[in-house]
Amino acid sequence: MSETAKASKRILSGMQPTGTSGLHIGNLEGALRNWVRLQDESTLYCCIVDWHSLTTRYADTQQLWEACLILAAEYIAAGIDPKRSMVFIQSQVKEHAELHLLLSMITPLGWLERVPTFKEKRELISDKGEGDESISYGLLGYPCLQSADILLYRPLGVPVGKDQAAHLELSREICRRFNHLYGPVFPEPKSIISEVTAVVPGLDGRKMSKSYGNAIYLSDSADVVADKVKNAFTTTTKLRKTDPGVPETCVVCQLRRVYDPEGYSTSWDEDRAGIRGCMQSKKELTEILNTALEPIRQRRAELLSDKGELENILKDGADRARETAVETMDLVRKAMGLR
Ligand code: ADP
């Protein structure tokens, strides 16, 4: 596709820097792989949303910068090309803050209070006995900031995981409200849901998530992966090799399907028929996973060994992202009667 045609197809994607463990293979298969594919047909803005991480983790910011660098290294190691795409940190493009402020003026409070993730976080915090003071104004305004992140680039769409298709709806409502009040500045961003993206199960059979402690990380060494797979849940009623397995509910079989889409079905048949044991399946899965993850691990380590260069890449990404952000803010200010 020509560069001009690509430029008109801007896409915004982003993740939070949530600590030094970085991304897990659920994030990789459920989100990042899809972004990598989208680079061929669109201009990708690949944001590291550090301000978002402050909505809940504002008290401990010591590792925030390190977490941003790790996330940048993981984006790139997974295949985001920082020359073609904008890899940048949200807080380095201050226009995100200005648009957030303006959107916060027009967003009804009730819309924010009804957001399920806000309600859940509020309950979680009160369950922990931390009291209402730990629920900040910023946490309530999270969807406004997210809307600003998206609308700032007037993108065609936003890639969303199958598990979070509803999240974009509020941004679309805020977008419609802005356009209704001040004229059509923003195209309504579409959800881009990839058909090939899988929901990756965690080692305990729940969805893989950093909050559940059931994840395999891109930072895990080959030995750590082997250990984690050894302890993964399989079919609970399959105690001996000859007992029939149920691959549909076995974590090891599910992960095999994600990482060996061509070859997994024979192993599933053997599992069902009781002619293979869980040990064999785990051993094979470990090899398959480590083969797939090794190049990413190596590239990640290389990038993190030169933080200065990584910071240059992020600065360059922010400079290029800002070009569009500045244009958008001119349109926004004019539409709102600001100068
Ligand atoms: P976590 O659940 O670990 O906190 P996030 O909610 O930060 O993950 O998700 C970041 C991105 O990764 C989202 O696009 C989400 O759809 C995707 N993602 C997270 N976990 C999984 C999973 N287990 N399978 C597929 N995609 C996932």
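Residues numbered from 1 in each chain as written. Predicted model: local features only at pLDDT ≥ 70, side-chain atom pairs only at ≥ 80, totals over all residues. Heavy atoms only, no water.

(A) Quick look at the pattern of salt bridges. One pass over the full model with this rule turns up 27 salt bridges. The salt bridge involving R300 is made with E74; its shortest N-O contact spans 2.7 Å. Taken as a pair, R300 in helix α14 (residues 278-304) and E74 in helix α4 (residues 64-77) lie far apart in primary sequence, 226 residues in all. An identical accessibility class is assigned to R300 and E74; each is buried. Across the pair D269 and R272 runs a salt bridge whose closest N-O atoms are separated by 3.2 Å. Of this pair, D269 and R272 both sit in helix α13 (residues 264-273), three residues apart, roughly one helical turn. (Salt bridge = Lys/Arg side-chain N within 4 Å of Asp/Glu carboxyl O. Helix = DSSP H or I, 4+ residues; strand = E, 2+ residues; numbered from the N terminus. Buried < 20%, exposed > 50% of the residue type's maximum accessible area, 1.4 Å probe, protein only.)

(B) Representation of the layout of surface pockets in the model. Approximately 330 Å³ is the volume attributed to the second largest pocket. Lining the second largest pocket are 18 residues; nearest its centre among them are H100, Y137, G138, G141 and Y142. Among the elements of the structure, α3 (50-57), α5 (95-106), α6 (109-113), α8 (137-140) and α9 (142-151) are those that each provide at least two residues to the lining of the second largest pocket. The biggest single contributor to the lining of the second largest pocket is α5, with four residues. Looking at the lining of the second largest pocket, its residues break down into 11 nonpolar, seven polar and no charged. (1 Å grid on protein atoms, 1.4 Å probe; cavity = no way out; pocket = protein on both sides within 12 Å on 5 of 7 lines; lining within 4 Å. Points joined across faces, edges and corners; volume = space filled by probe spheres on them. Nonpolar A, V, L, I, M, F, W, Y, C, P; charged D, E, K, R; others polar.)

(C) A look at the environment of A232. With respect to the helices and strands, the residue A232 is situated in the loop between α11 (222-230) and α12 (251-259). The exposure class of A232 is buried, given its relative accessible area of 7%. In this structure A232 touches L203, V251, V252 and K282, once residues within four positions along its chain are discounted. (Contact = heavy atoms within 4.5 Å.)

(D) Representation of the side chain of R276 in the model. Of note, R276 is situated in the loop between α13 and α14. With relative accessibility at 3%, the residue R276 sits in the buried group. In terms of polar contacts, R276 uses its side chain to reach the side chain of E284, at 3.1 Å. Those residues within four positions of R276 in sequence are excluded, and the remaining contacts are K238, K241, R256, S267, E270, D271, S281 and E284. (Polar contact = N/O pair within 3.5 Å; in protein donor to acceptor, adjacent residues only side chain to side chain.)

(E) Expanded view of the state of the cysteines. Tallying each qualifying case throughout the model produces zero disulfides. No disulfide involves C47; its nearest neighbouring cysteine sulfur is the one of C46, lying 8.6 Å away. Judged by its relative accessible area of 1%, C47 falls in the buried class. Just so you know, C68 is unpaired, no disulfide at all, and the nearest cysteine sulfur is the one on C47, 9.6 Å from it. (Disulfide = S-S within 2.5 Å.)

(F) Spatial organisation of the packing of helix α2 (residues 25-38) against α14. Look at α2 against α14: their axes get within 13 Å of each other, and the N-to-C directions meet at 70 degrees. Considered as vectors, α2 and α14 are oriented roughly perpendicular to each other. Remark: the crossing between α2 and α14 carries left-handed chirality. Across the interface between the two elements, I25, L28 and R33 from α2 touch L289, L293 and I296 from α14. (Axes fitted to C-alpha atoms, helices over the stretch in contact; angles between N-to-C directions. Parallel < 35°, antiparallel > 145°, perpendicular 65-115°, else oblique. Left-handed = near helix turned anticlockwise from the far one by under 90°.)

(G) The domain arrangement of the chain, seen in detail. The assigned domain composition of the chain is domain 1 (3-200 + 306-336) and domain 2 (220-299). When each unit is reduced to the centre of its C-alpha atoms, the spacing between domain 1 and domain 2 is 34 Å. Of the residues lining the interface, nine residues belong to domain 1; the matching set on domain 2 comes to seven residues. For the pair domain 1 and domain 2, the summed buried surface comes to about 660 Å²; carbon and sulfur atoms form 77% of the total. On the domain 1 side of the contact with domain 2, I25, E29 and A77 bury the most area, a combined 55% of that side's loss. Seen at the junction of domain 1 and domain 2, the total is one residue pair in polar contact (both at pLDDT 80 or more). Within the residue set of the side of domain 1 that touches domain 2, elements represented by two or more residues are α2 and α4. For the side of domain 1 that touches domain 2, the element with the highest residue contribution is α2, accounting for four residues. Each residue belonging to the side of domain 1 that touches domain 2 can be placed in one class, and the counts come to seven nonpolar, no polar and two charged. (Domains from an automatic or database assignment. Buried area = accessible area lost by both parts, 1.4 Å probe.)

(H) Expanded view of the pairing of strand β1 (residues 10-15). Counting buried positions along β1 gives five out of six residues, so the element sits mostly inside the fold. With six bridges joining them, β1 and strand β2 (residues 43-48) adopt parallel strand pairing. What sits directly across from R10, in β2, is T43. Handedness of the crossover joining β1 and β2 through α2: right-handed. (Pairing = 2+ DSSP bridges. Right-handed = clockwise from strand over helix to strand, strands pointing away.)

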